[in-house]
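Each chain is listed here by its residues.
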Amino acid sequence: MTKVLIADDDATDRTILRSALTHLGYEVEETCDGDQAWGVLERPGAPELAILDWLMPGLTGPEICRGLRARGDAPYVYVIMLTGLDGLADLVEGMEAGADDYITKPFKARELHARLRAGRRILNLQRDLLAVQKTLEARATHDGLTGLLNHVAIMERLNGELDRAKREGVPVGVILLDLDHFKQVNDRYGHIAGDCVLESIAQRIQGAVRSYDAVGRYGGEEFLVVVPGCDFDLTLQIANRIRREASATPIVIGTDRLTVTISAGAAWLAPGASSEAGLLVERADRALYRAKNLGRNRIEWHSGGGDAVAPSGEFDLGGA
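Along each chain, residue indices are assigned from 1 in the same order as the chain's sequence is written. Side-chain atom pairs in this predicted model are given and counted only at pLDDT of 80 or more, local residue features only at pLDDT of at least 70, and totals for whole chains, interfaces and linings cover all residues. Hydrogens and water molecules were not included; the side-chain quantities draw on all heavy atoms of the structure.

1. So, the nonpolar core
Line of reasoning, step 1. Buried Ala, Val, Leu, Ile, Met, Phe, Trp, Tyr and Cys residues that are joined via side-chain atoms within 4.5 Å together make up what is termed a nonpolar core. Using a 1.4 Å probe on the protein chains alone, a residue whose accessible area is under 20% of its type maximum counts as buried, one over 50% counts as exposed, and one in between counts as partly exposed. Core analysis: the biggest nonpolar cluster contains 33 residues, and V197 and I242 have the highest contact counts within it.
Line of reasoning, step 2. By the criteria applied, helices consist of DSSP H or I runs no shorter than four residues and strands consist of E runs no shorter than two, each listed in order from the N terminus. Only β6 (172–179), α7 (182–189), α8 (191–208), β8 (222–228), α9 (232–248), β9 (251–253), β11 (262–269) and β12 (299–303) provide two or more residues apiece to this core.
Line of reasoning, step 3. Tallying contributions element by element places α8 first for this core, with seven residues.
Line of reasoning, step 4. Here, residues are in contact when the closest pair of their heavy atoms is within 4.5 Å. Excluding anything up to four places from it in sequence, V197 contacts L179, F182, V185, I251, I253, L258 and V260.
Line of reasoning, step 5. In terms of nonpolar packing, the next biggest core, distinct from the first, is built from 21 residues, M155, A165, L280 and L288 among them.

Set out below in structure tokens:
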């Protein structure tokens, strides 16, 4: 049931409006002054349709309209101005303040119904447009196969975390992951099966990290994980948890059960240090390259702050 706000200081007008709207199937909320009306419209789940009297105690109808239109990301409220004024200058003022339509007193029920129906059409169109916009934004920032952040978006997220780390003096870890022998999967089972493997591993990676970590498909069968606030040990713990989860359960491909392992390279930026996103990922990539050369299904690391080269080595796979 669509909810409509009535804001009018005249009790008789409110009664007539409430009766007409209830008869038309609307849920009605009433206020007797502009300040109360603004309070209602500021609440979560506020009515999307509002009938505002032009002149009333507190905020006037046009003032409320201007306040509504000045809000940023708040849901749109379709406003019908109710007025006894019929001068052209007054009507223009109301529309310029942000009103969508108006009704002059005394109003006719059929006219009210028609104008509310027009408002609902506008609101439905807006919802459809917002849904399309949301879909387009998701496509621009997310990988179409895995649903993870795409290359551009995960690097933007890393840049943002590096900026925050520099301001707040906290560490940042990155983990670059690569599926072992993935080319053999494509060669033996085909690219459709390979896509299924990528989707499954992506879900496992996402399920192995914290809610505020960022996971992206870096390219091909490589995934990048950004772990804000993580020191050296915690970055490696998360990397190892991902490694274990990736191979914990075989992936069913036709009649075969395929155990997929991953190799990972981890890099860590110490508190107070600075680095470009590309440089930090490059360090993780070098560590990943070592993990591949040393037998796969393992984690190698590169740690340190700024441009300093730090020791590297194998992480104990029996750890956390």
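2. A look at the packing of α7 against α8
Line of reasoning, step 1. Fitted lines through C-alpha atoms serve as axes, helices being fitted only where they are in contact, and the angles separating the N-to-C directions of these axes extend from 0 to 180 degrees. Put simply, α7 and α8 touch, their axes get as near as 7 Å, and they point 140 degrees apart. With respect to each other, α7 and α8 are oriented oblique. For the pair formed by α7 and α8, the contact residues are F182, V185, N186 and Y189 on the first element and H191, A193, G194, V197 and L198 on the second.
Line of reasoning, step 2. Side-chain classes are defined by residue name, with Ala, Val, Leu, Ile, Met, Phe, Trp, Tyr, Cys and Pro counting as nonpolar, Asp, Glu, Lys and Arg as charged, and the others, Gly among them, as polar. Of the residues contributing to the contact of α7 with α8, the split by class is six nonpolar, three polar and no charged. The cut-offs work like this: below 35 degrees is roughly parallel, past 145 is roughly antiparallel, 65 to 115 is roughly perpendicular, and the gaps in between are oblique.

3. Focus on the pairing of β11
Line of reasoning, step 1. Burial analysis of β11 places eight of its eight residues in the buried class, which makes it a mostly covered element.
Line of reasoning, step 2. Side chains I262, A264, A266 and W268 of β11 all project onto a buried face; the interleaved residues S263, G265, A267 and L269 project onto the opposite face, where all are buried too.
Line of reasoning, step 3. Note: β6 against β11, eight bridges, orientation antiparallel. Note on β11: the bridge partner recorded for D178 is S263. Strand pairing follows a simple DSSP-based rule, namely that at least 2 bridges must link the two strands.

4. Description of the sheet that holds strand β4 (residues 78–83)
Line of reasoning, step 1. Spatially, β2-β1-β3-β4-β5 is the arrangement adopted by the five strands of the open sheet, whose pairing is parallel. Both outer strands of the open sheet, β2 (27–31) and β5 (101–104), are each paired with one neighbouring strand and no more. Within the sheet, the average angular offset between the axes of one strand and its neighbour, ignoring direction, is 20 degrees.
Line of reasoning, step 2. Note: β4 against β5, four bridges, orientation parallel. Residue pairing across strands places L82 opposite I103, the latter belonging to β5.

5. Quick notes on the state of the cysteines
In protein chemistry, a disulfide is the covalent bond that joins the sulfur atoms of two cysteines.
Line of reasoning, step 1. We call a pair of cysteine sulfur atoms a disulfide whenever their separation is within 2.5 Å. Scanning the entire structure with this criterion turns up zero disulfides.
Line of reasoning, step 2. In this model C32 remains outside any disulfide bridge; the closest cysteine sulfur is found in C65, 18 Å from its own.
Line of reasoning, step 3. Overall, the relative accessible area of 32% leaves C32 in the partly exposed class.

6. Some remarks on helix α1 (residues 11–23)
Line of reasoning, step 1. With 13 residues, α1 extends 18 Å from end C-alpha to end C-alpha; this agrees with the ideal 18 Å at 1.5 Å per step.
Line of reasoning, step 2. Of the residues making up α1, those classed as buried are D13, R14, L17, A20 and L21. Along the axis of α1, the buried positions cluster into a sector of 135 degrees, meaning they face one direction only. Facing away from the buried side of α1 by more than 90 degrees, the exposed set consists of T12 and H23. One less than the number of residues in a helix, times 1.5 Å, gives the span that helix is expected to have. The arc in question is formed by the directions pointing from the helix axis toward the C-beta atoms.

7. Considering the packing of aromatic side chains
Two aromatic rings, taken as a pair, are described by how far apart their centres are and by the angle between their planes.
Line of reasoning, step 1. Here a Phe, Tyr or Trp ring, Trp counted by its six-membered ring, pairs with any other such ring whose centre lies within 6.5 Å, and the pair is stacked when the planes are under 30 degrees apart, edge-to-face when over 60, and tilted otherwise. Tallying each qualifying case throughout the model produces two aromatic pairs.
Line of reasoning, step 2. Relative to W301, the ring of F232 lies with its centre 5.3 Å away and its plane at 75 degrees, an arrangement referred to as edge-to-face. Residue F232 is located in helix α9, and its partner W301 is located in strand β12; the two are separated by 69 residues in the primary sequence.
Line of reasoning, step 3. Judged by its relative accessible area of 15%, W301 falls in the buried class.
Line of reasoning, step 4. Three or more aromatic residues joined by ring pairs form one cluster here, namely F232, W268 and W301.
Line of reasoning, step 5. Whether a charge lies above a ring is judged from NZ of Lys or CZ of Arg, which has to be within 6 Å of the ring centre and within 35 degrees of the ring normal. Of note, R115 hangs over the ring of Y102, and the distance from its end group to the ring centre comes to 5.8 Å.

8. A short note on helix α10 (residues 277–293)
Owing to its 3.6 residues per turn, the α-helix aligns residues three or four sequence positions apart on the same side.
Line of reasoning, step 1. In this model α10 runs 25 Å from its N-terminal to its C-terminal C-alpha over 17 residues, within 8% of the 24 Å that 1.5 Å per residue would give.
Line of reasoning, step 2. Among the residues trailing α10, G295 stands out with phi positive, at a value near 120 degrees.

9. Concerning the pattern of salt bridges
Note that side chains of opposite charge can pair when their charged atoms are close.
Line of reasoning, step 1. Throughout this description, the term salt bridge denotes a Lys or Arg side-chain nitrogen within 4 Å of a carboxyl oxygen of Asp or Glu. Inspection of every chain in the model, using the stated rule, returns 23 salt bridges.
Line of reasoning, step 2. A salt bridge links D53 to K105; its shortest N-O distance comes to 3.3 Å. On the criterion of sequence distance, the pair formed by D53 in strand β3 (residues 49–53) and K105 in the loop between β5 and α5 (109–141) is long-range, its members being 52 residues apart.
Line of reasoning, step 3. Residue classification places K105 among the partly exposed residues on the basis of a relative accessible area of 29%.
Line of reasoning, step 4. Close ionic contact of D256 with R188 constitutes a salt bridge, the shortest N to O distance being 3.6 Å. With D256 in strand β10 (residues 256–258) and R188 in helix α7, the pair connects residues that are 68 residues apart, well separated along the chain.
Line of reasoning, step 5. Given the relative accessible area of 63%, R188 is considered exposed.
Line of reasoning, step 6. Each member of the salt-bridge network shares a partner with another, and the members are D8, D13, D53 and K105.

Read these as spatial facts, not as claims about activity.
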